[in-house]
Amino acid sequence: MADNVPCGLLEACVLLGVSNERLKELCPGKDADVLVEAEVLQVHAPPFITKDRSCNGGVDQGVAPAFSRVQKRRSFKKKKRERPVSTLSNSSQASESEELSVPQNIDLIALPQLCFPDGLRITNESREDSYHFLVFTDVFGNQTHGVVAQYCRPVQFQQDNVIYANGHRTNEHKRLYTTFSICVISKYPYYNALRDCLSCFLFQMKTSRVSDFDEQVKEFSAKLALVPIPPSGPLHVVFNLRPLQIELPSRLDVDRPVMDLDLHLPFLCFKPKQILQIISSILMEQRVVFLSTDWAKLTLVSECFMIFIHPLRWQHPFVPVLSRQMLDFIMAPTAYLMGCHTYHFQEVAEEIEDLVLIDIDQGTVSSSTSDRFDLPDVPLAARDCFIFRCGGLQLHYDLDVCGSSSQTDVNDLRAHRRLWQRKLNSSILNISMELIVNIFSEVCDFLNYEHRVFNSEEFLRSRDSTDSAFYRKVLDTHIFHSFLRERLNRKNDAFTRMQLNIRSETRRLKIMTESPRRPTMEEINRKHRAENGLNKRLGMSMPNLADSRSLTVPIRQMSMMSVRMPLQMGSWSPIKPVKTFKLPEFPPPLAYHYVQNYYHDLIGQLDRSISSASPDDSALLARYYYLRGLVNSVTGRHVDALADFQSLYKTDMEIFPAQLLNTLVEALPVEEKRIAERRTDLKRLMSRVRRENEKDRARLVDGGTVKRFELPKKHLQKEDFVRRVQESGIVKDLETIKRLFEALTLGQVKQVDPETFRFFYNFWKETEAAAQDVDLPAVVLEHLENDECVYKVSSSVKTSHGVGKIAMTQRRLFLLTEGRPGYVEITKFRDIEDVRISSAPFLLLRIPSLKIRTSLRRESFEANLKSECDLWHLMIKEMWAGRKMADQHKDPQFMEQALTNALLMDAVVGSLQSQKAIYAATKLAYFDKMKSEVPMMVPKTTSDTLKHKINPSLDQTSPQAVDVLLYTPGQLGVSDVDGGGNPKLWCALSDGKLLVFDAASWSMQHNSVQVGTSRLTCMLAVNEQQLWIGSKDSFIYIINPRSVSCNKQLTEHRCELTGLALEERADKFSQTVAYSCSEDCNVIVWDVSSLQVRRQFRVSCGRLQSMHVHNGMLWCCGRDCVLEVRRNGSVHRRISLPDHLLSSPKGFSSFLLFNESEQLWAGFADAGELCVWHCRDISKPFIRIQLKDCAAVTCMIRVKNQIWVGGYNGSVTDRRVRGKIYIVNTDRYTVEKELQAHADAVQTMCSAEDRYVLSGAAQDDGKIGIWKVE
């Protein structure tokens, strides 16, 4: 077991100071206050005891009895002096040198300077113990952390049996003092915990003999090496180190570092404005130097700022403590973050320009070239919100406990203080995360995930002028580049979760459309309000404040004092309760069998904790399994360790230690490997670990590149053109881009030259920028909806309503009259009856004019548009056709697509500037052509039943098949941060993508959650904490409906999951039972609370396709039959295919049970009919129901007293499929309604509380239909 054996708390413990022999040379005849050179005296690093050093057996040789890497080590040779005399150690002497084994990444040469940054002196006065903190960073950016305790000891030496002090022979005991340092080094930043450990050790040393010091340091180190590090989550580890009880907090999330420090320290040292300046300096990757007279503050404050900028990570040199000998590090030409003593302030400021100097003691931020901070501030909206939030922090512990009773136990007092600190840290983390989200959330709107492109220029153009300087600096940094890479990898971290939580309903609805970017009337109104006194950016950054409905008082009366907001906002992550696990008492001596007994006791305690934990508390169980797996792995019980880590699949996959498992599997001895492979679950685990390891090797080391959009420099074929347009962010839809390619290459070789592309791109962006500057008078804003945008404005023309400019939004045309600004509505697109070009007389000429006839006015509107006439004619006809189609199909995306087509026409005409430009633009008139080529009328029955359509593939380049739909009702008393109480619609798309919609507004809650990599086949809402999803890869993924996180898996099946069912509990005391089936006819019965397999059996049928539970019996639908199965797996009854369908190759496709009439309804995969059997007597003749114009039945659901049947007509091979829904009356066995549902087969349906039915279509359509139930 090599590098990936789990780490413990201790990496190494180093003792530094002056050796006795050196003291003997220095002290006689010397005065006090002598500066001496410190050296490494002892190094203690695990393993401390192994089997080959002990006579006791029981475990394989070479097993490390400590939670630390048995890693590559190097030697540190310490020169021995001629007469080694030491009161600090009774270790054996070596002849010339002693070799210290130390971890590979610890530099002992520089360590003395860091442990004694002020230098080491011999003095005549004793000093109090002091502590400071270190951070070591290797060339790969991996950090190691150190806590240093400096303690004073008297100097004594003996010569000729006479005590000498200060070099004089005397009988009086006049002491000199020198300082020693103990540096505890750990992989984890447990600053408070390690300081407490050192405090306990030094307290114990006060009552110990000096001669025992050497052995006690080693024993202290060995104890810390026995402490396991808890995984992220709700479990902290506690251990006794008399007289204190030490607590090791776990990480809040897998993606966060350990936080064992007081995050409010910077708020005690700086005002919020200065904190923002420091964060701004770090985000811009400046050369930053912290200064203080207290070495401890340097590291603690610096580390706080590293946490404040999460999820962005500092990637340059980070040396928070520089000794005076290391000041030349500040001359480094790269960005860095360093710290030094305030004494060096002038020296540092004078030597180097453009340094950001941060004086912790004075609370100031300045530049080395001036007393002012000259860098751009963070954006105004984020700054105002942060300062406002900081005003509500309670930073003083004494104020909170002044009315509480005094604690009589020191450990109770410390526990109370830790709880207060944890709550305060949680608030500060939320404030800092909200700051980062407010700064960078809109970056995601300018990312192209398919091609991994960030359109930086477009993002910068969208920023306010006051904020652009900040973003221009930040966008070029390494720290921002890594952040972009994580966003493009769709990392689901704290940033993503808060971003989703604070997203307003308006924005959620906005992402449901694919409109080109233009300011809405709401945004323009907000701009006007900002000019009247309300800060626009502040309003946008605070949830609901920008909502006009909340503005119930005059704007001028609103202020930061009158709009007081509660600190704990709904978008914040609440503080989560934690539990502690107490380690056994440490073994007293450093003996092998005592250490083994300690591990035995530790495993026993974990066993008891696992057995006593509630099965519903899977997060806590997972932490116990994880810790037991660690203990088993370091004690050589590898098979038991594999079993513990296997249990994480059913409790919490988030903390699955993939690297450790890979090392464990590769290092398994032959005999243990045979034992593990005899167990099916462990054999499956090992094979999966090997597969994942191979995939990891194939993945890019850097997580993928991030490209900035650039204009092409060579001719573009169609494939290259499609990619470039998608990268530019203009449009994503593949078919639209192909039509654009045809328009730009009309009458020439089928390739787009760079100059044409540049003209087109620049014209599009100039039009977009012009729309941002549209200045509409207040009288116009009153007539437009909040979400309307002005997309095109004509030149000033003469019209039948006077002279003015024609403006187009996504809903209407209106006239901006000249002279006295006014608004005249021309028409809404849905009211247009005819659009045509005519000519109007002007002197001796005929000027082209545009005539629009509407249903609301008798007279036509006419405008002399001159040269613009043809373009406006094309655009209005496309918008009219798109609106008609959107209204008839209840699909707003048609209108959005028509709008995109119209704007692309405008850009094509503007960029080509030739006679063929108008004809080229006609290639984009998609809906206008559809109107003339095929009838647009939707049957009245379909139109009346259809309520709305949703396109879940908007962020995709082409439609994706809707594989499964599931509706879950809302929950009362659930906050937004816990997933919200609104009902949800779960939508599974191709390749494991899962979307979540708010079923109250049909807005998207989560863009895309990746659930495996294969097609999802079935879903089941088990309870409020579990949503099961079956996949083609044979796994059942368990989603937490509130957090929408997938952290559990059931891996017992071997083939594609085809069905999930839940059995109703007989009473409140019985356990909930779930069933799952796979296509190989295997059925597994699950205990829902423990996720353990109760039974497993196989049914005899063709491909098993679905199942239902009815009256304590399990009904299974195979390809060739439907089986009624008892709970033990034995077949009770069998319904075979009807005789007239025996030749059918596909057989049954779906079935359902009608409880009241005890009927079984079945559909067929290659026949347009239903068959109904009586469950009481299946020998009775079945009823056949013919479905008109239906080639196959794909799905069925029961809604009230109706059966809704999904299917299709046409031929799949010819791709002429149309999805249909049939509503069947269960009393009369007749089809009541036949609905033209989708442009491809209906694949799935679900019911929303019997009020709506939702249908999902195959790939050629890829939309969700929402149908009213009567």
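Calculation notes
- Residues numbered from 1 in each chain as written.
- Predicted model: local features only at pLDDT ≥ 70, side-chain atom pairs only at ≥ 80, totals over all residues.
- Heavy atoms only, no water.
- Helix = DSSP H or I, 4+ residues; strand = E, 2+ residues; numbered from the N terminus.
- Buried < 20%, exposed > 50% of the residue type's maximum accessible area, 1.4 Å probe, protein only.
- Contact = heavy atoms within 4.5 Å.
- Areas by Shrake-Rupley, 256 points an atom, 1.4 Å probe, with all protein chains shown as cover.
- Axes fitted to C-alpha atoms, helices over the stretch in contact; angles between N-to-C directions.
- Parallel < 35°, antiparallel > 145°, perpendicular 65-115°, else oblique.
- Left-handed = near helix turned anticlockwise from the far one by under 90°.
- Nonpolar A, V, L, I, M, F, W, Y, C, P; charged D, E, K, R; others polar.
- Phe/Tyr/Trp six-rings, centres within 6.5 Å; stacked < 30°, edge-to-face > 60°.
- Lys NZ or Arg CZ within 6 Å of the ring centre and 35° of its normal.
- Pairing = 2+ DSSP bridges.
- Salt bridge = Lys/Arg side-chain N within 4 Å of Asp/Glu carboxyl O.
- Polar contact = N/O pair within 3.5 Å; in protein donor to acceptor, adjacent residues only side chain to side chain.
- Core = buried A, V, L, I, M, F, W, Y, C linked by side-chain atoms within 4.5 Å.
- Expected span 1.5 Å × (residues − 1).
- Disulfide = S-S within 2.5 Å.
- pLDDT = per-residue confidence, 0-100.

Considering the overall build of the protein chain
Logical step 1: Helices and strands together make up the secondary structure of the protein chain, namely 34 helices and 59 strands.
Logical step 2: A burial count over the protein chain gives 56% of its 1270 residues as buried.
Logical step 3: When contacts within the protein chain are restricted to residue pairs at least 6 apart in sequence, those whose partners lie at least 24 apart make up 61%.
Logical step 4: If you sum the accessible surface of the protein chain, you get close to 56100 Å²; carbon and sulfur atoms cover 48% of it.

Comments concerning helix α14 (residues 478-488)
Logical step 1: Where burial is concerned, most of α14 is hidden: nine out of the eleven residues are buried.
Logical step 2: What α14 keeps buried is the set Ile479, Phe480, Ser482, Phe483, Leu484, Arg485, Glu486, Arg487 and Leu488.
Logical step 3: Phi turns positive one or two residues past the end of α14, at Arg490, with a value near 55°.

Some words on the packing of helix α20 (residues 618-634) against helix α21 (residues 638-646)
Logical step 1: Two numbers describe how α20 lies on α21: the axes approach to 8 Å, and their chain directions differ by 165°. As judged from the angle between their axes, α20 and α21 are roughly antiparallel. α21 is crossed by α20, and the crossing has left-handed handedness. Here Tyr625, Tyr626, Arg628, Gly629, Leu630, Asn632 and Ser633 of α20 come into contact with α21, specifically with His638, Asp640, Ala641, Asp644 and Phe645.
Logical step 2: Here the contact of α20 with α21 is built from residues that sort into five nonpolar, four polar and three charged.

Overview of the packing of aromatic side chains
Logical step 1: Evaluated as defined, the whole model comprises 39 aromatic pairs.
Logical step 2: Ring geometry for Phe459 against Tyr471: centres 5.2 Å apart, planes inclined by 90°, an arrangement best described as edge-to-face. One end of the pair, Phe459, is in helix α12 (residues 456-461); the other, Tyr471, is in helix α13 (residues 465-474), and twelve residues separate them in sequence. This pair shows no difference in class: Phe459 is buried, exactly as Tyr471 is.
Logical step 3: Aromatic rings pair up to connect Phe440, Phe446, Phe454, Phe459, Phe470, Tyr471, Phe480, Phe483 and Phe495 into one cluster.
Logical step 4: Above the face of the Phe213 ring, Arg153 is positioned so that its terminal group lies 5.2 Å from the ring centre.
Logical step 5: For the cation-ring pair, Arg417 lies above Tyr397, with the distance from its terminal atom to the ring centre recorded as 5.1 Å.

Things to note about the environment of Ala770
Logical step 1: One can find Ala770 in helix α28 (residues 754-772).
Logical step 2: Taking C-alpha positions, Ala770 is 9.3 Å from Lys792, a pair spaced 22 residues apart along the chain.

A look at the sheet that holds strand β41 (residues 1057-1063)
Logical step 1: Across the sheet, four strands lie side by side as β41-β42-β43-β44; this open sheet has antiparallel pairing. Of all strands in the sheet, those with a lone pairing partner are β41 and β44 (1092-1098), marking the two edges. Averaged over all neighbouring strand pairs, the angle between strand axes comes to 20°, with direction disregarded.
Logical step 2: By the bridge criterion, six bridges tie β41 to strand β42 (residues 1073-1078) in an arrangement that is antiparallel. Residue pairing for β42: Gly1059 is matched across the bridge by Cys1077.

A look at the pairing of strand β58 (residues 1252-1257)
Logical step 1: A large share of β58 lies buried, amounting to six of its six residues.
Logical step 2: Between strand β57 (residues 1242-1248) and β58, which follow one another and run antiparallel, lie three residues, and Glu1249 among them has a positive phi close to 55°.
Logical step 3: One ladder, built from five bridges, connects β58 with strand β59 (residues 1264-1268); its direction is antiparallel. Paired with Gly1256 across the two strands is Ile1264, which belongs to β59.
Logical step 4: Adjacent in sequence and paired antiparallel, β58 and β59 are bridged by six residues, among which Gly1262 carries a positive phi angle near 70°.

A closer look at the packing of helix α30 (residues 869-889) against helix α31 (residues 892-912)
Logical step 1: Put simply, α30 and α31 touch, their axes get as near as 7 Å, and they point 170° apart. Classified by the interaxial angle, the pair formed by α30 and α31 is roughly antiparallel. Contacts between α30 and α31 involve Leu871, Leu874, Met875, Glu878, Met879, Gly882, Arg883, Met885, Ala886 and His889 from the former and Pro892, Phe894, Met895, Ala898, Leu899, Asn901, Ala902, Met905, Asp906 and Val909 from the latter.
Logical step 2: The class makeup of the residues in the contact of α30 with α31 is 14 nonpolar, three polar and three charged.

Considering the pattern of salt bridges
Logical step 1: For the structure shown, the criterion picks out 56 salt bridges.
Logical step 2: Via salt bridges that share partners, Arg313, Glu486, Arg487, Lys491 and Asp493 belong to a single interconnected network.

Considering unusual backbone geometry
Among all residues except glycine, the phi angle is most often negative; among peptide bonds, the trans geometry is most common.
Logical step 1: In this structure, Pro243 follows Arg242 across a cis peptide bond, with omega equal to 10°.
Logical step 2: If you trace the backbone, Pro243 turns up in the loop between β13 (235-241) and β14 (244-248).
Logical step 3: Cis geometry is adopted by the peptide bond preceding Pro311, which originates at His310 and carries an omega value of 10°.
Logical step 4: Within the secondary structure layout, Pro311 lies in the loop between α7 (295-308) and β16 (318-319).
Logical step 5: Of note, Arg490 is a non-glycine position whose phi angle comes to about 55°, a positive value.

Examining the sheet that holds β13
Logical step 1: Strand order in the open sheet formed by three strands is β14-β13-β22, and the pairing between neighbours is mixed. Each of the sheet's edge strands pairs with one partner strand only, and the pair in question is β14 and β22 (579-582). Neighbouring strand axes in the sheet, compared pairwise and without regard to direction, differ in orientation by 35° on average.
Logical step 2: With four bridges connecting them, β13 and β22 associate as parallel partners. What sits directly across from Val238, in β22, is Lys582.
Logical step 3: Contacting β13 and β14, helix α3 (residues 191-205) runs over the sheet at an angle of about 160° to β14.

A closer look at the side chain of Ser953
Logical step 1: Of note, Ser953 is situated in the loop between β32 (946-950) and β33 (964-968).
Logical step 2: The class of Ser953 is buried, set by a relative accessible area of 4%.
Logical step 3: A polar contact of 3.0 Å, which involves the side chain of Ser953, links it to the backbone nitrogen of Gln960.
Logical step 4: Not counting chain neighbours up to four residues away, the residues in contact with Ser953 comprise Ser958, Pro959, Gln960, Leu989 and Gly1262.

Here's the deal with the nonpolar core
Logical step 1: Phe239 and Phe440 are the most contacted members of the largest nonpolar core, which totals 200 residues.
Logical step 2: Broken down by element, this core gets its largest block of residues, eleven residues, from helix α11 (residues 410-440).
Logical step 3: Residue contacts for Phe440: discarding those within four places in its chain leaves Leu283, Leu312, Val474, Phe480, Phe483 and Phe495.
Logical step 4: The next biggest cluster of nonpolar side chains, apart from the first, holds 65 residues, and it includes Val725, Ile832, Val909 and Phe927.

Here's the deal with α30
Logical step 1: Over its 21 residues, α30 runs 30 Å from end to end, which matches the ideal 30 Å to within 8%, given 1.5 Å per residue.
Logical step 2: Among the 21 residues in α30, 16 count as buried, and that is most of the element.
Logical step 3: At the C-terminal side of α30, Lys890 shows a positive phi close to 55°.

Section: the state of the cysteines
Logical step 1: A full pass over the atoms with the stated rule returns zero disulfides.
Logical step 2: Cys390 supplies the cysteine sulfur nearest to Cys385, a cysteine that is in no disulfide, at a spacing of 9.4 Å.
Logical step 3: Unpaired in terms of disulfides, Cys1055 finds its nearest cysteine sulfur in Cys1081, a separation of 9.3 Å.
Logical step 4: Overall, the relative accessible area of 25% leaves Cys1055 in the partly exposed class.

Thoughts on the confidence of the model for the protein chain
Logical step 1: Overall, the predicted model of the protein chain reaches an average pLDDT of 84, with 85% of residues at or above 70.
Logical step 2: Counted against residues more than four places away or in other chains, residues 54-64, with its pLDDT under 50, gives 23 contacts.
Logical step 3: Residue range residues 68-75 is modelled with pLDDT below 50. Its contacts to residues more than four positions away, or to other chains, number 39 contacts.

Observations concerning the environment of Glu742
Logical step 1: Secondary-structure assignment places Glu742 in helix α27 (residues 734-744).
Logical step 2: Taking relative accessible area as the criterion, Glu742 reaches 28% and is therefore assigned partly exposed.
Logical step 3: Residues Glu742 and Lys923 lie 181 residues apart in sequence; the distance between their C-alpha atoms is 6.9 Å.
Logical step 4: With sequence-adjacent residues up to four places away left out, Glu742 is seen in contact with Lys718 and Lys750.

A few points about the pairing of strand β17 (residues 336-341)
Logical step 1: Extensive coverage of β17 is indicated by the burial of six of its six residues.
Logical step 2: Direction of pairing for strand β15 (residues 287-292) relative to β17: parallel, over a ladder of six bridges. When the bridges of β17 are listed, Ser292 appears paired with His341.
Logical step 3: Two strands pair when backbone bridges link them, and β16 and β17 are joined in this way by two bridges, in the parallel orientation. Paired with Phe318 across the bridge in β17 is Leu337.

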